[in-house]
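These are the residues of each chain, in order.
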Amino acid sequence: MKAYVLNKIGQLDYMERPLPRLKEGEVLVKVGAVGICGSDIPRIFETGTYHFPTIPGHEFAGTVVDAYDAPGRSWIGKRVGVFPLIPCGRCTSCIERQYEMCSSYDYLGSRSDGGFAEYVKVPVWNLLELPEGVSMEAGAMLEPASVALHAIRRLELREDDTVVIFGLGTIGCLVAQWLRTFHIEKVLAVGHRKEPGILMHKTASKDYLYRMEEEGNMREWIYEKTQEQGADIAIDCAGSPVTVANCLECVRPGGQVLLVGNPQGEMAFSKDSYWKILRKQLRLAGTWNSSFAHQAGDDWHESVRHMEAKSLQPERLITHELAFGNLSQGLRIMRGHVEYYNKIMVLENKVRRK
Ligand SMILES: [Zn+2]
Ligand SMILES: [Zn+2]
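No experiment lies behind these values; they were computed from the predicted model shown.

Colleague: How should the coordination of the zinc ion (ligand 1) be read in this particular structure?
Modeller: Six octahedral donors around a metal ideally sit at 90 or 180 degrees from one another, while four tetrahedral donors ideally sit at 109.5 degrees. Here the zinc ion (ligand 1) is held by C37 (SG) and H58 (NE2), and the distances to it run 2.1 to 2.3 Å. Of the two residues, C37 is situated in the loop between β3 (26-36) and α1 (40-47) and H58 in the loop between α1 and β4 (59-67); the sequence distance between them amounts to 21 residues. Taking the relative accessible area as the measure of exposure, C37 reaches 14% and is therefore buried.

Here's what the structure looks like:
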């Protein structure tokens, strides 16, 4: 098979690889669509994966084409989304079925081979069948969609809350889409350049307000839009010290701050910001990954349910569709920020979406 193999930091080779050998409880998935995650860029170019060689890619969907044993055979021919985290099953978090906090997990696309390949081996446990109306591209976005839902579920959310989002990358835009499904009407989003705002208006709600950071006076804008009270909830989807400080500044006393974005670097913040946490008696929450527990109501089942009902349309965030052989082009765009992108999706059969 053809695969993108990370042989060392910064060296991703498009090369021929033998098909994965299946073990007990595993199936072979033919990748239909794989998204490039923001986290893949530092993984490939700065930090590397846990060992080399590894095939990156953790946001993918495909079709089951082979199985090692009986449990897998019933999946053959089915279209599936794949929960990329393989829990240990023994630690306290696993016993509580909070697999996202497993202390010694395996992960497709960073610790084990992932979806930047024609085929991936996946444990049956990690499969979620895609309903008929859910496309491969949407299926490949189950992971970020579930991450965004998981984040929002860390909040105490009321319908009349005003929510500020800093950072409108894929997760920020998905947070906005979820807020719409939760009937939140007052959303203020902040990002760079004009395109993210246009995309949010198209995919979440045209009533949500957007402001470019370049326009300045963020505090004034947010206080003006909240009758000088500050927002009930501030969500950081950017992972920069500046946006976290903005969250602390713009949230009202007694409000909630949710930290979602992976840190871009050191996250030092000023004494003044720290005082805001104390004086405003803020509630801070972190979020990590998503829940997948083989039951209705977990993040993945909730995401697929909303995708089927079309109340969540993550695939509308796809700004670039690339053929499998052109994956490196997507990495170049994301790494160099050479043009605006939101989700860059690589497709097995690149066919135009309507
Ligand atoms: Zn990701
Ligand atoms: Zn565990």
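Colleague: How should the pattern of salt bridges be read in this particular structure?
Modeller: Close approach of charged atoms allows side chains of opposite charge to pair. As enumerated under the stated definition, the model contains 20 salt bridges in all. Notably, a salt bridge pairs D232 with R252, separated by 2.6 Å at the nearest N-O pair. On the criterion of sequence distance, the pair formed by D232 in strand β13 (residues 231-236) and R252 in strand β14 (residues 251-259) is long-range, its members being 20 residues apart. Measuring nitrogen to oxygen at the nearest pair gives 3.3 Å for the salt bridge that ties E249 to K276. One end of the pair, E249, is in helix α9 (residues 241-250); the other, K276, is in helix α10 (residues 271-279), and 27 residues separate them in sequence. For the pair formed by E249 and K276, the shared burial category is buried. Via salt bridges that share partners, E156, R158, D161 and R283 belong to a single interconnected network.

The rules behind each value
- Residues numbered from 1 in each chain as written.
- Chains lettered and ligands numbered in written order.
- Predicted model: local features only at pLDDT ≥ 70, side-chain atom pairs only at ≥ 80, totals over all residues.
- Heavy atoms only, no water.
- Donors = N, O, S within 2.8 Å, 3.2 Å for Na, K, Ca; no water.
- Helix = DSSP H or I, 4+ residues; strand = E, 2+ residues; numbered from the N terminus.
- Buried < 20%, exposed > 50% of the residue type's maximum accessible area, 1.4 Å probe, protein only.
- Salt bridge = Lys/Arg side-chain N within 4 Å of Asp/Glu carboxyl O.

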